[in-house]
Amino acid sequence: MNSTAYSRPSKLPGGAGDRRPPTRLRGFASKIEPKKLGAGLLAGCCLALLTYVSLAKLFAIYSPVFANTSGLLQNTPPASSSVPETTDAIPAEDTTFIGRENGNAVDPVDFPEEGPAAAGSQEPAAEGGAGGDGAALAKMSCDENGVDEGFPYARPSVCELSGDIRISPKQKTMYLVNPSGAGGFDENGEKRLRPYARKDDFLLPAVVEVTVKSVPSAAAAPQCTKKHRVPAVVFSVAGYTDNFFHDNTDALIPLFLTASHLKGEVQLLITNYKPWWVQKYTPVLRKLSNYDPINFDADAGVHCFAAGFLGLYRDRDLIISPHPTRNPRNYTMVDYNRFIRSAYALRRDRPSALGEVPGMRPQMLIISRGGTRKLLNLEEVAAAATELGFNVTVAEAGADVPAFAALVNAADVLLAVHGAGLTNQIFLPTQAVVVQIVPWGNMDWMATNFYGQPAREMQLRYVEYYVDEEETSLKDKYPREHLVFSDPKALHKQGWQALAETIMKQDVKVNLTRFRPFLLQAIDKLQE
């Protein structure tokens, strides 16, 4: 198909295709010499070209497209390399964030924006800002004071690093570009740590050991493949995880204590990585970090940061106390409760007020157990509570944390026999009531420190009921002269294994006559 858009018409308008120019014009043209005509045409072309160039330059000055292009050219590194040979240049295509992007995120620790660094260097910029001397700012400080009088578990070591940090999961090493060599390293320039938030000699051998290695220059560290402008937190989910109590005390609460002030702008790197664990607690991990966690056991890259933590700060089990280094922001368990309720979108922050709505009955959730420490007359207890005015729900905690969290948050009173199920009190609205049934066997210390005092720290109202020797199933297994009855403290002194084989394997059947006043206490506390 022939286009006619730019074709010259074969005849002039009017149909006079053979009409010739007027006589006067024809005569004028015949008088012009061919040489002069050629020179005139050349001069005209030059004038037209000069006019076009002037207009194009004027357009370029005011055009945003040309202006941006000009700016990009000005920021291009010189063609001749001015980068020292000791500097590892990061490929432009690799200077990207890892994981989910957060368009509204603000970097609360004032790390420099990613992009070409000053002076032609593409090293991870130091905390002091782009172009700063990252090596001069290299620092590692470790909190190794695990002593806490009156508490049996020594706290684990935690190290904070700043400067040019390069993490190689494959080598299980965090490199710190540190020309001075200072910072508490051994004679080999290393610091080794197993980043699990419970210093338990039985557990620690199974925790991945991570080495912080001080190196004199960037050339001595591996080249970065990924840059991050947010700090790193390296920690382990080994040990007792998959027990809901330990998931909180040994991982989630320490994570909150270590990283929540960063408002999501932090990259988590998990050792002893368990995909099911990460999946189980995805709402909490997403609340803590705007980026997908990195599998420290499988990642082959080298991740560069300007700041980071190796290990997690922790306090007592289900307790957070003020501390100048471990908790300088004075977080409390009430703060953690708000955080965890927000992570699971739990709306109730206060229990029902009795009498506020005519005919409304307070909600009680009884957590049942399928293993040891079962409440053998659970149905009778539920019936007694119903008779006293409660709407009673009975449920066993399972793997679906969000669903069970919603069930707990809907309750005004939570009742359970001592065990990990009581950890679910973290989902209760503030000022709700916790009723703990304490099994036989001198369990007062464990009951108070693991669940009683934490309930008070969460501003929950607390009631405890101590089982006597007639209410325990141990009476059917051991004679009354056995240590279980005659001297249970002696079993405690023998250690956890002895307890696990005796006292912790009991079931309970409460005396309803004895127990009923404690249900009435729960009602009274809702009216306080």
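Residues numbered from 1 in each chain as written. Predicted model: local features only at pLDDT ≥ 70, side-chain atom pairs only at ≥ 80, totals over all residues. Heavy atoms only, no water.

(A) Spotlight on the overall build of the protein chain. Scanning the protein chain from N- to C-terminus turns up 14 helices and 15 strands. The 528 residues of the protein chain split such that 47% are buried. (Helix = DSSP H or I, 4+ residues; strand = E, 2+ residues; numbered from the N terminus. Buried < 20%, exposed > 50% of the residue type's maximum accessible area, 1.4 Å probe, protein only.)

(B) Region of the structure containing helix α7 (residues 333-343). Across the 11 residues that make up α7, a large majority, 8, are buried. Within the span of α7, buried status applies to Met 333, Val 334, Tyr 336, Asn 337, Phe 339, Ile 340, Arg 341 and Ala 343. Sitting at the amino-terminal end of α7 is Thr 332, which places a side-chain oxygen 3.2 Å from the backbone nitrogen of Val 334. One or two steps after α7, the chain reaches Ala 345, where phi turns positive at roughly 55 degrees. (Polar contact = N/O pair within 3.5 Å; in protein donor to acceptor, adjacent residues only side chain to side chain.)

(C) Quick peek at the pattern of salt bridges. Inspection of the entire model under this criterion finds 22 salt bridges. Between Glu 190 and Arg 192 there is a salt bridge, and its shortest N-O distance comes to 3.0 Å. A relative accessible area of 15% means that Glu 190 is categorised as buried. Of the charged contacts, one joins Glu 528 and Lys 525 as a salt bridge, the two residues approaching to 3.9 Å between their closest N and O atoms. With a relative accessible area of 61%, Glu 528 lands in the exposed category. (Salt bridge = Lys/Arg side-chain N within 4 Å of Asp/Glu carboxyl O.)

(D) Main features of empty space enclosed by the protein. Per the counting criterion, the structure on display carries 3 cavities of 30 Å³ or more. Lining of the largest cavity is provided by Asp 143, Glu 144, Asn 145, Gly 146, Arg 155, Pro 156, Val 158, Leu 312, Tyr 313, Arg 314 and Arg 326. Counted by class, the lining of the largest cavity contains 4 nonpolar, 2 polar and 5 charged residues. (1 Å grid on protein atoms, 1.4 Å probe; cavity = no way out; pocket = protein on both sides within 12 Å on 5 of 7 lines; lining within 4 Å. Points joined across faces, edges and corners; volume = space filled by probe spheres on them. Nonpolar A, V, L, I, M, F, W, Y, C, P; charged D, E, K, R; others polar.)

(E) View of the sheet that holds strand β12 (residues 391-395). Taken in spatial order, the 5 strands line up as β12-β11-β13-β14-β15 in an open sheet, and their pairing is parallel. Edge positions in the sheet fall to β12 and β15 (461-466), since each of these pairs with one other strand and no more. On average, adjacent strands in this sheet sit at an angle of 20 degrees to one another, irrespective of strand direction. Pairing geometry for strand β14 (residues 433-438) and β15, over 6 bridges, is parallel. (Pairing = 2+ DSSP bridges. Axes fitted to C-alpha atoms, helices over the stretch in contact; angles between N-to-C directions.)

(F) Representation of the state of the cysteines. In this structure the tally under the stated criterion is 2 disulfides. Note that Cys 142 is cross-linked by a disulfide to Cys 159, the S-S spacing being 2.1 Å. Given an S-S torsion of about 105 degrees, the disulfide between Cys 142 and Cys 159 has right-handed geometry. Placement of the pair is Cys 142 in strand β1 (residues 139-143) and Cys 159 in strand β2 (residues 158-168), with a sequence separation of 17 residues. Paired by a disulfide, Cys 224 and Cys 304 hold their sulfur atoms 1.7 Å apart. Its torsion about the S-S bond being -90 degrees, the disulfide of Cys 224 and Cys 304 is classed as left-handed. Highlighted residues: Cys 224 in the loop between β5 (210-215) and β6 (226-227) and Cys 304 in strand β10 (residues 303-310), separated in sequence by 80 residues. Residue classification places Cys 224 among the buried positions, given a relative accessible area of 1%. (Disulfide = S-S within 2.5 Å.)

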